[in-house]
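Each chain is listed here by its residues.
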Amino acid sequence: MNVKKMKKISMVVPCFNSAKYLGECFASIRNQTLGLEGIQMIFVDDASTDNTLECLREFAGAYPQSVEVVSLAENRRQGGARNAGLARAVGEYVMFLDSDDWLDHSMCEKAYSKAAEYCVDILQFCFIHVFRQGSTKDSASRYGFLDGTLSEIRKGMLLGTLFTFGSQNKLYRTSFLKEQAAAFPEGVVYEEPYFVYPLLFEAERFYSMEEGLYYYRQTEPSTTVKHMDQKHTLYNHPFVQLELLKQLISRKKYIEEYYSEIEFHFLHSYYIETLYFSGKSNKYLGADYFRNMQRTVLELFPEYKQNPYLQLQCFTKLGRVLASLQQEFSQQELAAYCQEVVRIIDG
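Residues numbered from 1 in each chain as written. Predicted model: local features only at pLDDT ≥ 70, side-chain atom pairs only at ≥ 80, totals over all residues. Heavy atoms only, no water.

Undergrad: Which residues make up helix α2 (residues 52-62), and what values go with them?
TA: Residues of α2 that are buried include every one of T52, L53, C55, L56, F59 and A60, and no others. The buried residues of α2 occupy one face: seen down the axis, they fall within an arc of 160°. Exposed side of α2, more than 90 degrees from the buried face: R57, E58 and G61 are the residues found there. (Buried < 20%, exposed > 50% of the residue type's maximum accessible area, 1.4 Å probe, protein only. Helix = DSSP H or I, 4+ residues; strand = E, 2+ residues; numbered from the N terminus. Arc of directions from axis to C-beta.)

This is the structure we're talking about:
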């Protein structure tokens, strides 16, 4: 009998030079109240240059029925490593855990219990963001079962008011992901929305948990932040969002039924978030590149001002930033404006 076929949850853990944190991460899975007999651990070494792979092989040697180690010859970044792990998932549900983060000891038991009870396609739980000075827990606008066949719920998902577009704070029905041929873009950062957002069009059964079950380390630079230290890596964000839009446009039924939601998401993610990330992290955004972004938005969505969501009071901050679509900036002025965008959004 193949024990792995009996697993309830497959845990995919991409690893790159993370030996420093692997012990804590691994222990948080090993000590789950669900029991190791219900968990398939898939650690993917993304061509690390430290002793990460040796640590992973030790885990596999100690727990051969529960731990699989995948070693990639070339670095494929988070998305590629997650894809490699997802391809080996045999559990009823699958989730993604970054190697420098850790889980509440009851996370798998509680999340699986709700997922199985409500036969969900996607379940979301809250992050606990861990800083040097303390921690904060995410919140959502609604909790409990959410019926994706209802227009109100579907639109809330696509607008980001009910679920986030991050990948790690979720449990996914494995068969659903395979039906959708879900995959992360590889070799880039900011890859998560490309994976998550299309799923929100197709999933029919959602569940939102109020509990914080995933500890998201903020005390050290994440893999994304480390890669962003390279000049121009910020450009991965608008690139991924544009590729996502192309994917959505290719599915005509999405555009026909959810044009306003898709337009709003693109304006926010492609344009506003790029400005915000540049200002928040003091990352380089070239004036020439930015002018191309402005042209792209205006060519794709020339009537964006008519979007019904931009008329709502709760989104007035976004409207203020979008007013810059037709402004010209020198490099110095653009850098200052990115700082202003942070003040607008966070204020």
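Text resumes after the structure shown.
Undergrad: Explain the nonpolar core to me, and be specific about the residues and the numbers.
TA: Among the nonpolar cores identified, the biggest contains 72 residues, and F195, L200, Y271 and L275 are the most heavily contacted of them. With eleven residues, helix α10 (residues 252-281) is the single largest residue contributor to this core. Residue contacts for F195: discarding those within four places in its chain leaves L86, F96, Y172, L177, A182, A183 and F184. Within the second largest apolar cluster, 37 residues are counted, among which are C15, C25, F26 and V120. (Core = buried A, V, L, I, M, F, W, Y, C linked by side-chain atoms within 4.5 Å. Contact = heavy atoms within 4.5 Å.)

Undergrad: Just give me the short version of the pairing of strand β4 (residues 93-96), but keep the residues and values in it.
TA: Side chains Y93 and M95 project from β4 onto one buried face, and the interleaved V94 and F96 project onto a second face that is buried too. Strand direction decides the pairing type here: strand β1 (residues 9-15) and β4, joined by four bridges, are parallel. In the sheet register, V12 faces β4, and the bridge partner there is F96. (Pairing = 2+ DSSP bridges.)

Undergrad: Give a detailed account of helix α1 (residues 19-30), specifying residues and quantitative values.
TA: Here α1 contains twelve residues, and its C-alpha end-to-end distance of 17 Å stays within 8% of the 16 Å for a straight helix at 1.5 Å per residue. Turning to α1, the residues buried within the fold contact β1, β2 (39-45), α2, β3 (67-71), β5 (102-103) and β10 (205-217). (Expected span 1.5 Å × (residues − 1).)

Undergrad: Residue-level account of the packing of aromatic side chains, with values.
TA: Counting across every chain of the model gives 31 aromatic pairs. Aromatic pair F266 and Y270: ring centres 4.5 Å apart, planes at 15°, arrangement stacked. Of this pair, F266 and Y270 both sit in helix α10, four residues apart, which is roughly one turn of the helix. A single burial state applies to F266 and to Y270, both of which are buried. Taken together, F165, Y197, F201, Y254 and Y258 form an aromatic cluster joined through their ring pairs. The ring of F184 has R82 lying over it, and the distance from NZ or CZ to the ring centre is 5.1 Å. (Phe/Tyr/Trp six-rings, centres within 6.5 Å; stacked < 30°, edge-to-face > 60°. Lys NZ or Arg CZ within 6 Å of the ring centre and 35° of its normal.)

Undergrad: Now, about the packing of α10 against helix α11 (residues 287-300): what can you tell me, with residues and values included?
TA: Orientation of α10 relative to α11, taken along the N-to-C sense of each, is 170°, at an axis distance of 11 Å. By the angle class used here, α10 and α11 are roughly antiparallel. Taken together, the residues of α11 that come into contact with α10 (itself represented by Y259, F266, L267, Y270, Y271, T274 and L275) are F290, M293, Q294, T296, V297 and L300. Tallied by class, the residues present in the contact of α10 with α11 amount to ten nonpolar, three polar and no charged. (Axes fitted to C-alpha atoms, helices over the stretch in contact; angles between N-to-C directions. Parallel < 35°, antiparallel > 145°, perpendicular 65-115°, else oblique. Nonpolar A, V, L, I, M, F, W, Y, C, P; charged D, E, K, R; others polar.)

Undergrad: Describe the side chain of S167, listing the residues and the values that go with them.
TA: Its place among the elements puts S167 in the loop between α5 (151-159) and β9 (170-173). A polar atom in the side chain of S167 sits 3.3 Å from the side chain of Q168. Filtering out sequence-adjacent residues up to four positions away, S167 remains in contact with R82, F96, Y172, F184, E192 and V196. (Polar contact = N/O pair within 3.5 Å; in protein donor to acceptor, adjacent residues only side chain to side chain.)

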